[in-house]
2 protein chains.
Amino acid sequence: MNLALVLRVLAILLALIALFMLLPAGVAWYYGETDLIGSFLTPIVFVLMGAALIFALTRRTERVLAPREGFLLVALSWIGAAAVGAVPAWLSGEIPRYVDAFFETMSGFTTTGATILTNIEALPRALLFWRSLTHWLGGMGIIVLTVAIFPLLGVGGLQLMKAEAPGPSVDKITPKVTETAKILWLIYLGLTVAQTVLLMLGGLDLYEALTHTFGTLATGGFSPKNASVGHYTSAYVHIVVTVFMVMAGTNFILYYKLLTGRFRSVLQDSELKAYFGIYAVVTLVIALILTQAGSYSGFGESLRFAGFQAASILTTTGYATDDFALWPAAAQAVLFSLMFLGGCAGSTGGGMKIVRILTLAKQGVHEMKYLIHPRGVFHISLNGQSVKKSIVYAISGFVFLYIILLLITSLVVASGGYDLVTSFTTALATLGNIGPGFGAIAPTENYAFFQDYIKWYLSFIMMTGRLEVFTILVIFTPHFWRD
Amino acid sequence: MNLALVLRVLAILLALIALFMLLPAGVAWYYGETDLIGSFLTPIVFVLMGAALIFALTRRTERVLAPREGFLLVALSWIGAAAVGAVPAWLSGEIPRYVDAFFETMSGFTTTGATILTNIEALPRALLFWRSLTHWLGGMGIIVLTVAIFPLLGVGGLQLMKAEAPGPSVDKITPKVTETAKILWLIYLGLTVAQTVLLMLGGLDLYEALTHTFGTLATGGFSPKNASVGHYTSAYVHIVVTVFMVMAGTNFILYYKLLTGRFRSVLQDSELKAYFGIYAVVTLVIALILTQAGSYSGFGESLRFAGFQAASILTTTGYATDDFALWPAAAQAVLFSLMFLGGCAGSTGGGMKIVRILTLAKQGVHEMKYLIHPRGVFHISLNGQSVKKSIVYAISGFVFLYIILLLITSLVVASGGYDLVTSFTTALATLGNIGPGFGAIAPTENYAFFQDYIKWYLSFIMMTGRLEVFTILVIFTPHFWRD
């Protein structure tokens, strides 16, 4: 294990994040929140000095990161980002306790959107801007990780569509990782500009448009408003956010394919078809339930609220236009079921990911065919290609660990004295990077009341869920530290 | 598909079940509930006549059942048993609506123990005896199925330990299926006598001892008392039931091994070790929580109540000595987690089964080893033998379908207007054949209030869970009906 190399790369990443903190410092200056500027500059200076020190003390090496070093680096990056990113809110006294600031920032960088703030609007604009920006940075980091780095490490859903398949490989947009990253960033940036402009056309100012765009494209869910997107009554705003949530939950490789004219390949994408299929059916079902219950004025409005909330939970964003904890029981149960799914692989969405669910569903059907024809030969196929057994194998391991972690997390939360709904949906909402759940963490509630040890634990779980579970758990195996 | 053959075997099975109804008729005669005797004799006469008719109309064939016919037969047996077994309670007017009687009897034959009775003790003794006897018959059927029939059909957890392994095969106690069945019945009968005698030594009369023994050994959970086993305050009775619940959740093949002196093989059984390990840890944790909360007078009593309830939920029995819905949240969360597990394969216990959980847990660890050493060669082993990939594959398909069914069942229950806890734990308690859950189906509650369509649906789900999911779902695939 080349720890020096890990430290050097970590230093670069943290220095970059520190430099991004100049943006909220600028916001503080613009809005005259001048007492906050120091709270941003202090960590920037310390991180840059620390990074320089690490560079001076470690030697440059030509060697690339080995898988184990990669896992450690990824984990340390998220912990470091949250640790540093938490400083301004804590230093300024706006979030007086460090554990709360750390939780909030980890929730940001993991694009979860779970908040400990009881009155969001009471915070200065610069801090809320930074809070939303952590989403955007975390989302960008995840896309690059899942598309360019994770497949090399052998984790994440995208190895499904990897190398060994005949013809042009589908996951490697261009041969070089840095090239891939650059293209993805441009797409992400393009979507950011597009949504910001569209929201401003709907009457939001630049600040509100940007912060909500950050929360949407990262499938994060932080809003600078107490009522989340429900703050805006305009149907146009709801629809713009809905569309961009659905887009953010889509595999970003597909945008690249669209840009290069490979429409057929996009239309035939198995995961995309399942994703849109699930979204359409669920939206319709919830809309019918809401219409029947008379929750809104007619089917059209029900469809809008259903479409927003289904997109928000399915993509693991966590925005709300209304308190879905007050919806009919059946609509709640549908949303609860969605919490088990998640976005597409290669998107900013969290959860187990559609492609995994799809593969296991096909595997289930497969087993039944075997029962009837024990000597038959059947293949699971995705995107017209046969899926290797070792991948189904890996996915089943993933899903199992995911469920075990859900139960362990429920137990940890329940140990604080919370009821079953709160405990179990807290587990779902943090491991799946969703944000809100049911019970004490319903959309109008928050995570402030949890004991400190639960906040630390949930911070860890948000990170574990965000980084595809294996990436983090592997570090705790004795195997990892053996040579 | 040879439907005539399926019908002939079905006719024999239903005739046998009808003949078993002579026992409660005898109980009715003994206790002077003479008006009930007719309610038992009527279905007996009709079923025997029907069976004779089927025999007359179908030809005898030498052919053994093909897998597909086996699946159909198993499903029809449980449906038929519930349909016939429901008649006495309905005919006598004691359970006035047939849907309720069918649900109660299906709950019995599937060893679930979910009841629609609001005042159990109001029913005549003969009916309560029959109700408990359906557990015992269902449990016996399941042991024979899982040990002797399911492995031949390729379902159930026991194919894990099957044929291809070198040396003497562990699942085939004796080469012939009928021999195997006979030995298992003798063991089952021996345990029944043992528990009945031990309970009578604790002060129960023969009737109470027998009915509680039926509910225990089948991991069913029906009690003729409103307060379940909590009716008895004697610690001795609680402990006897606890021990026999744990024994009923154990693979019955192991008893045969014990009887034939193969102690080492039993002690080295991977599933047994995991089962006892989980049980011991969980009991201790709950006991500590209860002690800390001061729920009972000291650690000893806490341990007794914890041990009883942990055994009851882990083995999917569903008996209660106290209302665990009133226990501290953390203890509830532990019990909730146990609802995902279940007994050992080859036991009367339901749920996903320990051996499946164990295999997937090993598979999860396995994947992490691969991440670190992509070129390494690792094996999953159970009982010292390497597990074939195709089996891990089948298990992952099973677990996935199980979870999908849990979510679908939650949605169906929620469509009746019930909250999340009720909906989700109803799904867990019926698919896992447990009985009680949380919310509206807590131990002191019952299933009476559900709408009829939910009762029919849950009857189907209890059967699907009891028959290893695949066995039932496969019938609904187009593949099944194609030649």
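Reading the values: rules and limits
Residues numbered from 1 in each chain as written. Chains lettered and ligands numbered in written order. Predicted model: local features only at pLDDT ≥ 70, side-chain atom pairs only at ≥ 80, totals over all residues. Heavy atoms only, no water. Axes fitted to C-alpha atoms, helices over the stretch in contact; angles between N-to-C directions. Helix = DSSP H or I, 4+ residues; strand = E, 2+ residues; numbered from the N terminus. Parallel < 35°, antiparallel > 145°, perpendicular 65-115°, else oblique. Left-handed = near helix turned anticlockwise from the far one by under 90°. Contact = heavy atoms within 4.5 Å. Nonpolar A, V, L, I, M, F, W, Y, C, P; charged D, E, K, R; others polar. Expected span 1.5 Å × (residues − 1). Buried < 20%, exposed > 50% of the residue type's maximum accessible area, 1.4 Å probe, protein only. Patch = residues over 30% accessible without salt bridge, like charges linked within 9 Å, V, L, I, M, F, W, Y side chains within 5 Å. Areas by Shrake-Rupley, 256 points an atom, 1.4 Å probe, with all protein chains shown as cover. Salt bridge = Lys/Arg side-chain N within 4 Å of Asp/Glu carboxyl O. pLDDT = per-residue confidence, 0-100. Buried area = accessible area lost by both parts, 1.4 Å probe. Polar contact = N/O pair within 3.5 Å; in protein donor to acceptor, adjacent residues only side chain to side chain. Least-squares fit on C-alpha atoms with pLDDT ≥ 70 in both. Phe/Tyr/Trp six-rings, centres within 6.5 Å; stacked < 30°, edge-to-face > 60°. Lys NZ or Arg CZ within 6 Å of the ring centre and 35° of its normal.

**Topic: the packing of helix H16 (residues 354-372) of chain A against helix H17 (residues 389-414) of chain B**
In step 1: It is the contact of H16(A) with H17(B), at a shortest axis distance of 8 Å, that shows an interaxial angle of 110°. Our classification of the angle between H16(A) and H17(B) gives roughly perpendicular. Here H16(A) runs over H17(B); the crossing is left-handed. Contacts from Ile357(A), Leu360(A), Ala361(A), Gln363(A), Gly364(A), His366(A), Glu367(A) and Met368(A) of H16(A) reach H17(B) at Tyr393(B), Ala394(B), Ser396(B), Gly397(B), Phe400(B) and Leu401(B).
In step 2: Split by residue class, the contact of H16(A) with H17(B) holds 8 nonpolar, 5 polar and 1 charged.

**Remarks on helix H6 (residues 98-109) of chain B**
Residues and elements named next belong to chain B.
In step 1: Taking 1.5 Å as the rise per residue, H6 with 12 residues should run 16 Å; its terminal C-alpha atoms sit 16 Å apart, in good agreement.
In step 2: Counting buried residues in H6 gives 11 out of 12 residues, a clear majority hidden from the surface.
In step 3: Turning to H6, its buried residues are Val99, Asp100, Ala101, Phe102, Phe103, Glu104, Thr105, Met106, Ser107, Gly108 and Phe109.
In step 4: Just past H6, the residue Thr111 takes up positive phi, approximately 55°.

**Concerning a nonpolar patch on the surface**
All names here are of chain A.
In step 1: Taken together, the side chains of Ile12, Leu13, Leu16, Leu19, Leu22, Leu41, Leu48 and Phe55 present a nonpolar region at the surface, about 630 Å² in accessible area.
In step 2: Broken down by secondary-structure element, the contributors of at least two residues to the nonpolar patch are helix H1 (3-20) and helix H3 (37-57).
In step 3: Relative to the assigned elements, Leu41 resides in helix H3.
In step 4: Leu41 gets classed as partly exposed once you look at its relative accessible area, which sits at 37%.

**Considerations on the confidence of the model for chain A**
Residues and elements named next belong to chain A.
In step 1: Residues at a pLDDT of 70 or more form 93% of chain A, whose mean pLDDT is 89.
In step 2: Across residues 157-174 the pLDDT falls below 50, and counting only partners more than four positions away or on other chains, this stretch makes 45 contacts in the model.
In step 3: Model confidence for the complex is summarised by a pTM of 0.88, with the ipTM given as 0.83.

**With respect to helix H15 (residues 329-338) of chain B**
In step 1: Judged by how many residues are buried, H15(B) sits mostly within the fold: 10 of 10 residues are covered.
In step 2: Turning to H15(B), its buried residues number three or more, namely Ala329(B), Ala330(B), Ala331(B), Gln332(B), Ala333(B), Val334(B), Leu335(B), Phe336(B), Ser337(B) and Leu338(B).
In step 3: Looking at the packing, one finds that the buried side of H15(B) touches helix H17 (389-414) and helix H18 (420-431) of chain A together with helix H13 (270-293), helix H14 (298-314) and helix H18 (420-431) of chain B.

**Things to note about the environment of Gln332(B)**
In step 1: With respect to the helices and strands, the residue Gln332(B) is situated in helix H15.
In step 2: Gln332(B) sits in the buried class, given a relative accessible area of 14%.
In step 3: Between the C-alpha atoms of Gln332(B) and His366(B), which are 34 residues apart in sequence, the distance is 31 Å.
In step 4: If we ignore the near neighbours within four places in the chain, the residues touching Gln332(B) are Leu420(A), Phe324(B), Ala325(B), Leu326(B), Trp327(B) and Phe438(B).

**A few points about the interface of chain A and chain B**
In step 1: On the side of chain B, 55 residues touch chain A, which itself brings 55 residues to the contact.
In step 2: Between chain A and chain B, the buried area comes to about 4800 Å², and carbon and sulfur atoms account for 82% of it.
In step 3: Across the contact surface, chain A and chain B share 0 salt bridges.
In step 4: Taken together, chain A and chain B are joined by 2 residue pairs in polar contact (both at pLDDT 80 or more).
In step 5: Secondary-structure elements contributing two or more residues to the side of chain A that touches chain B are helix H4 (67-85), helix H15 (329-338), H16, H17, H18, helix H20 (470-473) and helix H21 (478-481) of chain A.
In step 6: In terms of residue count, H17(A) provides more of the side of chain A that touches chain B than any other element does, 13 residues in total.
In step 7: Across the side of chain A that touches chain B, the residue classes tally to 36 nonpolar, 14 polar and 5 charged.

**Topic: the packing of H18(B) against helix H19 (residues 452-466) of chain B**
Residues and elements named next belong to chain B.
In step 1: Remark: H18 packs on H19, axes separated minimally by 7 Å, with the N-to-C direction vectors making an angle of 50°. Taken together, H18 and H19 sit at an angle that is classed as oblique. Between H18 and H19, the residues in contact are Thr426, Thr430 and Leu431 and Leu458, Ile461, Met462 and Gly465, respectively.

**A closer look at the relation of the copies chain A and chain B**
One copy of the chain maps onto the other through a rotation about an axis plus a displacement along that axis.
In step 1: Overlaying chain A with chain B gives an RMSD of 0.0 Å, the required rotation being 180° about an axis along which the chain moves by 0.0 Å. Taken together, the rotation angle and the small translation identify this as a two-fold axis. No C-alpha of chain A approaches the rotation axis more nearly than that of Ser396(A), which lies at 2.8 Å.
In step 2: A high fraction, 100%, of the interface residues of chain A reappear at the interface in chain B, so the copies pair face to face through one surface.

**Considerations on the pattern of salt bridges**
In step 1: Applying the stated criterion across every chain, the model contains 16 salt bridges over all chains.
In step 2: With a shortest N-O distance of 2.3 Å, Asp452(B) and Arg97(B) are connected by a salt bridge. Pair noted here: Asp452(B) is in helix H19 and Arg97(B) is in the loop between helix H5 (87-91) and H6, with a separation of 355 residues, a long-range link.
In step 3: What you see here is one network of salt bridges that share partners, running through Arg97(A), Asp100(A), Asp452(A) and Lys455(A).

**Some thoughts on the environment of Thr134(A)**
All names here are of chain A.
In step 1: Structurally, Thr134 can be placed in helix H7 (residues 125-153).
In step 2: For the pair Thr134 and Leu36, spaced 98 residues apart in sequence, the C-alpha to C-alpha distance is 17 Å.
In step 3: Separated by 2.5 Å, the side chain of Thr134 and the backbone oxygen of Arg131 make a polar contact.

**Overview of the side chain of Thr192(B)**
In step 1: Mapping Thr192(B) onto the fold places it in helix H8 (residues 177-201).
In step 2: Non-local contacts of Thr192(B), meaning those with residues more than four positions away in its chain, are made with Trp136(B), Thr213(B), Phe214(B) and Leu217(B).

**As for unusual backbone geometry**
All names here are of chain B.
In step 1: Phi at Ser228 takes a positive value of approximately 55°, unusual for a residue other than glycine.
In step 2: Following the sequence through the fold, Ser228 ends up in the loop between helix H9 (206-217) and helix H10 (235-248).
In step 3: Taking relative accessible area as the criterion, Ser228 reaches 13% and is therefore assigned buried.

**Description of the side chain of Glu367(B)**
In step 1: Structurally, Glu367(B) can be placed in helix H16 (residues 354-372).
In step 2: Judged by relative accessible area, which is 10%, Glu367(B) ranks as buried.
In step 3: Ignoring sequence-local partners within four residues, the contact set of Glu367(B) consists of Tyr393(A), Ala394(A) and Phe470(A).

**Focus on the packing of aromatic side chains**
Centre distance and the angle of the planes are the two values used to describe a pair of aromatic rings.
In step 1: Tallied over the entire structure, the rule returns 61 aromatic pairs over all chains.
In step 2: With a centroid separation of 4.9 Å and 80° between ring planes, the pair formed by Tyr418(B) and Phe450(B) is classed as edge-to-face. Taken as a pair, Tyr418(B) in the loop between H17 and H18 and Phe450(B) in the loop between H18 and H19 lie far apart in primary sequence, 32 residues in all. Grouping residues by exposure puts Tyr418(B) and Phe450(B) together as buried.
In step 3: Positioned above the aromatic ring of Tyr207(A), the side-chain terminus of Arg125(A) is 4.7 Å from the ring centre.
In step 4: Positioned above the aromatic ring of Tyr31(B) is the side chain of Arg125(B), whose terminal nitrogen or guanidinium carbon lies 4.4 Å from the ring centre.

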